[in-house]
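Close look at the chain arrangement
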Amino acid sequence: MNVLHFINAFFSDGAHWHGYDGIPQRLLEHVRYTLLALALATAIGLPVGLVTGHTGRGGNALAFVANAARALPSFGLLVLVVLLIGFGLLPVMIPLVVLAVPPILVTTYEAVRSVDPSPVDAARGMGMRESRILLRVELPVALPLILSGLRSAAIQIVSTATIAAYVSLGGLGRYIVDGLYQRDYEKVVGGATLVAVLALLTLAVFWAAGRLAVSPGVRGR
Amino acid sequence: MIRIDSVTKRYPDGTVAVDRLSLDVPDRSITVLVGPSGCGKTTTLRMINRMVEPTEGTILLDGEDIRRRPVTDLRRSMGYVIQNAGLFPHRTIVDNIATVPRMLGWGRQRARKRAAELMERVGLDTSLAERYPYQLSGGQQQRVGVARALAADPPVLLMDEPFSAVDPVVRKGLQDELLRIQEELGKTIVFVTHDIDEAVKLGTMVAVLREGGRLAQYASPAELLSAPADGFVEDFLGADRGIRRLSFLSSAALELTTDAVVPADASAERIAASGARYLLVTDPDGRPLGWAEPGELIAGDIRTDRLLPHGRPFVPGADSLRVALDCAVLSPTGWAVAVDAGGRVTGVVSQQAIGEAIRAAHARGRTDQAGVAP
């Protein structure tokens, strides 16, 4: 009851819909942090996962690094980085990227490893170059799994990007941090609701991406 | 010609997969590598397109060491067919077949047109073109695999147990199709199998390998069946090699008799005159109706529905002695019925007569393979 009341009060307050602390502005900031962190994590995790998956070398080292990275608490890492290099966007990006790389990297590696070896053997036997085998055979077949890794990374970033507010940046975390500080629970619940909605939207985006990018021949089975 | 010259493959752990193997693969023929598992047949095949590099020895393609060509060029000049077809699951059938032409830089339209041609050549309905591999049966997938290997018209075709994952009926269809395609295209085919029957059926030449990757015998199927080099080859050929060898002997020389053949409207004198124990009754066109003992036949009133079945007839010359013998064994009277291409009876022959023909053929040492389908 209370929660629904808070949600209703938060979203029906016209003051929350414009200005630098308005919902559109905060949402936009949050999406920007998310996209930036996801892009950086993908730029690191995807190529490394693809190449290690293709060659089959470095799997153990990969699992070690990924597990170590998973063990790092994002908030603690944020505080540490801020102490080391000060405030700004970079200290926020570091924990988010550290959070997102392991699921992308490990899933991509596993996805490429688990591709049926016969088409790969056939491709090699007909004279396809290794890079082309990776990009034209293994990647399309492994794509559903790779997308699922990207999806869980994206969801984790969406929920964790709220920590940006602790170091005076924007995003939906602003409502939660400020609300807690001001004992304005309407704001806290409103911010949390927005984060949840954004996470659901992320799921929808990945579902649509899967429909568009994955071949019916792979999806169909 | 592909010349495999004392090639050895030794793995770092000391395992020898292929041991000083030498083999000449003639052009425009099917050379089968056959043997039990672990005999190095697949390793040998994979050394021809450099999927495996030999430890020692050389492989020459038309006199040139295959290591002198860029490996991708070499592989694109050889079609490659593997056991489970290895189709690309994310590509449609037509795009699967068009893969190598596209790699060679053909335009999309030309490659797809070629792919459609090949679908017909391997006996696939072109309505399957836009399907995905998972929508096809195992046999259809294997046909696509063969079409894909043929797409850029390579002179050489490497086939690694291509038909072993499909059921026997489909396998027979695929084998017949391969022989038909080979008749039309005349590729240099190296074919790996563990099935000696498949080897004998498809091979122009058969190389039997034994464990440890050593060559046990390299011969034509007829020679293999009539003169196995040693006990290993003999065991591998199986207990009925004598019977299977008959596949390579023509039935043309069988002496047929027409004494025991009577038309359905035969006179009493004609029936009495034959002296045979059984008579084959034919219809007015000369087609076989069935067998009967002379005493059961009443001239002018022959009951065709009471006759013994005549069994499957054979065509002398077109069928082998194996087929003729099979017809005689299956016949209720022990006599095989010979017909011409139109199905009209040309005579009958007894098991004894076939046995004599076999002995005569063995005595002549003649292996008349021409025109005889095993």
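Let me sum up the structure you'll find in this document. In this convention, every chain numbers its residues from 1, walking through the sequence in written order. Note on labels: chains are lettered from A, ligands numbered from 1, in written order. Only residues with pLDDT of at least 70 are given local features in this predicted model, and only at 80 or more are side-chain atom pairs given and counted; all residues enter the totals for whole chains, interfaces and linings. No hydrogens and no water enter the side-chain calculation; it runs on all heavy atoms of the structure.

Okay, the overall build of chain A next. Across its full length, chain A holds 10 helices and zero strands. Along chain A, helices and strands appear, N-terminal first, in the series α-α-α-α-α-α-α-α-α-α. If you line up chain A on its principal axes, its C-alpha atoms span 65 × 40 × 30 Å. Put simply, chain A has 221 residues, and 48% of those count as buried. In chain A, once contacts between residues fewer than 6 apart in sequence are set aside, the share between residues at least 24 apart is 75%. All accessible areas in this document rest on Shrake-Rupley with a 1.4 Å probe, and a residue is counted as covered only by the protein chains that are shown. Counting only carbon and sulfur atoms, one obtains 68% of the accessible surface of chain A, whose full area is about 11000 Å². Secondary structure counts use DSSP, requiring at least four H or I residues in a row for a helix and at least two E residues in a row for a strand, with both numbered from the N terminus. We call a residue buried when its accessible area falls under 20% of the maximum for its residue type, exposed when it is over 50%, and partly exposed in between, using a 1.4 Å probe and counting protein chains only. Working rule for contacts: check all heavy atoms of both residues, and any pair within 4.5 Å makes them a contact.

A word on empty space enclosed by the protein. A cavity here means a set of 1 Å grid points, computed over protein atoms only, where a 1.4 Å probe fits but cannot escape. A pocket is an open set with protein on both sides within 12 Å along at least 5 of 7 lines, and lining residues have an atom within 4 Å of a point. Grid points are joined across faces, edges and corners, and a volume is the space filled by probe spheres set on the points. Applying the stated criterion across every chain, the model contains two cavities of 30 Å³ or more. What lines the largest cavity is Met126(A), Arg75(B), Arg76(B), Met78(B), Gly79(B), Tyr80(B), Val100(B), Arg148(B), Ala149(B), Ala151(B), Ala152(B) and Pro154(B). Among the elements of the structure, helix H2 (71-76), strand S6 (78-81) and helix H6 (138-150) of chain B are those that each provide at least two residues to the lining of the largest cavity. The element that contributes the greatest number of residues to the lining of the largest cavity is S6(B), accounting for three residues.

With 22 residues of chain A at the contact, the number on the chain B side is 23 residues. Buried area: the accessible surface (1.4 Å probe) lost by two parts on joining, summed over both. Counting each side, the surface lost to burial between chain A and chain B is near 2000 Å², with a carbon and sulfur contribution of 64%. In terms of surface lost to chain B, no three residues of chain A exceed Asp121(A), Gly125(A) and Met126(A), which account for 27% of the buried area on that side. Any carboxyl oxygen of Asp or Glu that lies within 4 Å of a side-chain nitrogen of Lys or Arg is treated as forming a salt bridge with it. For Arg46(B), the salt bridge is made with Asp121(A), and the minimal N-O distance between the two is 2.9 Å. Throughout this description, a polar contact denotes any pair of N or O atoms lying within 3.5 Å of each other; where both atoms belong to protein, one of them has to be capable of donating a hydrogen while the other can accept it, and for residues adjacent in sequence the pair is counted only when both atoms sit in side chains. For the pair chain A and chain B, the number of links is seven residue pairs in polar contact (both at pLDDT 80 or more). The set of elements that each furnish at least two residues to the side of chain A that touches chain B consists of helix H6 (117-125), helix H7 (130-160) and helix H10 (216-219) of chain A.

All names here are of chain A. What the rule picks out here adds up to 30 salt bridges over all chains. Asp178 is the salt-bridge partner of Arg174, the closest N and O atoms lying 3.0 Å from each other. Here Arg174 pairs with Asp178, and both are found in helix H8 (residues 173-181), just four residues apart, close to one helical turn. Look at Arg174 and you get buried, because its relative accessible area is 13%. Residue classification places Asp178 among the buried positions, given a relative accessible area of 17%.

Residue and element names in this part refer to chain A. A cluster of nonpolar side chains, contributed by Phe75, Val79, Leu83, Tyr166, Leu180 and Tyr185, occupies part of the molecular surface with about 620 Å² of accessible area. With three residues, helix H4 (residues 74-85) is the largest single contributor of residues to the nonpolar patch. With respect to the element layout, Phe75 can be found in helix H4. Judged by relative accessible area, Phe75 falls into the partly exposed class, the value being 40%. Surface patches are defined over residues having more than 30% relative accessible area and no salt bridge, joining like charges when they lie within 9 Å and nonpolar side chains (Val, Leu, Ile, Met, Phe, Trp, Tyr) when within 5 Å.

Let us now look at the packing of aromatic side chains. The criterion for an aromatic pair is that two Phe, Tyr or Trp rings (for Trp, the six-membered ring) have centres within 6.5 Å, with stacked assigned to planes under 30 degrees apart, edge-to-face to planes over 60 apart and tilted to the rest. Tallied over the entire structure, the rule returns six aromatic pairs over all chains. Their ring planes at 80° and their centres at 5.3 Å tell us that Phe10(A) and Tyr175(A) sit as a pair that is edge-to-face. Of the two residues, Phe10(A) is situated in helix H1 (residues 2-12) and Tyr175(A) in helix H8; the sequence distance between them amounts to 165 residues. Phe10(A) sits in the buried class, given a relative accessible area of 0%. Aromatic rings pair up to connect Phe10(A), Phe11(A), Trp17(A) and Tyr175(A) into one cluster. Positioned above the aromatic ring of Phe88(B) is the side chain of Arg148(B), whose terminal nitrogen or guanidinium carbon lies 4.7 Å from the ring centre. Two conditions define a charge sitting above a ring: the NZ of Lys or the CZ of Arg must be within 6 Å of the ring centre, and it must be within 35 degrees of the ring normal.

This part is about the pairing of strand S10 (residues 214-219) of chain B. Residue and element names in this part refer to chain B. Bridge analysis of strand S9 (residues 205-210) against S10 gives five bridges, and the strand direction is antiparallel. Across the sheet, residue Val208 finds its bridge partner in S10, namely Gln217. Here, any two strands with at least 2 DSSP bridges between them count as paired. The antiparallel hairpin formed by S9 and S10 contains three residues in its connecting segment, where Gly212 sits at a positive phi of about 90°.

All names here are of chain B. Helices are assigned an expected span. That span is 1.5 Å times one less than the residue count. Over its 18 residues, helix H7 (residues 168-185) extends 25 Å from the first C-alpha to the last, a length consistent with the 26 Å expected when each residue adds 1.5 Å. For H7, the complete set of buried residues consists of Arg171, Leu174, Gln175, Glu177, Leu178, Ile181 and Gln182. Around the axis of H7, the buried residues are gathered within 165° of arc, so they sit on the same side. The exposed set on the far side of H7, more than 90 degrees from its buried face, consists of Val169 and Glu183. On its buried side, H7 packs onto strand S3 (30-34), helix H5 (108-121), H6, strand S7 (156-160), strand S8 (188-193) and helix H8 (196-202). This arc describes the spread of directions from the helix axis toward the C-beta atoms.

Only buried residues count toward a nonpolar core, which is a set of Ala, Val, Leu, Ile, Met, Phe, Trp, Tyr and Cys residues joined through side-chain atoms within 4.5 Å. Val34(B), Ile97(B), Met159(B), Phe191(B), Ile196(B), Val208(B) and Leu224(B) are the most contacted members of the largest nonpolar core, which has 50 residues in total. Among the elements that take part in this core, H6(B) stands out by supplying five residues, more than any other. If you look at the next biggest cluster of nonpolar residues, it comprises 46 residues, including Met93(A), Met126(A), Ile157(A) and Val167(A).

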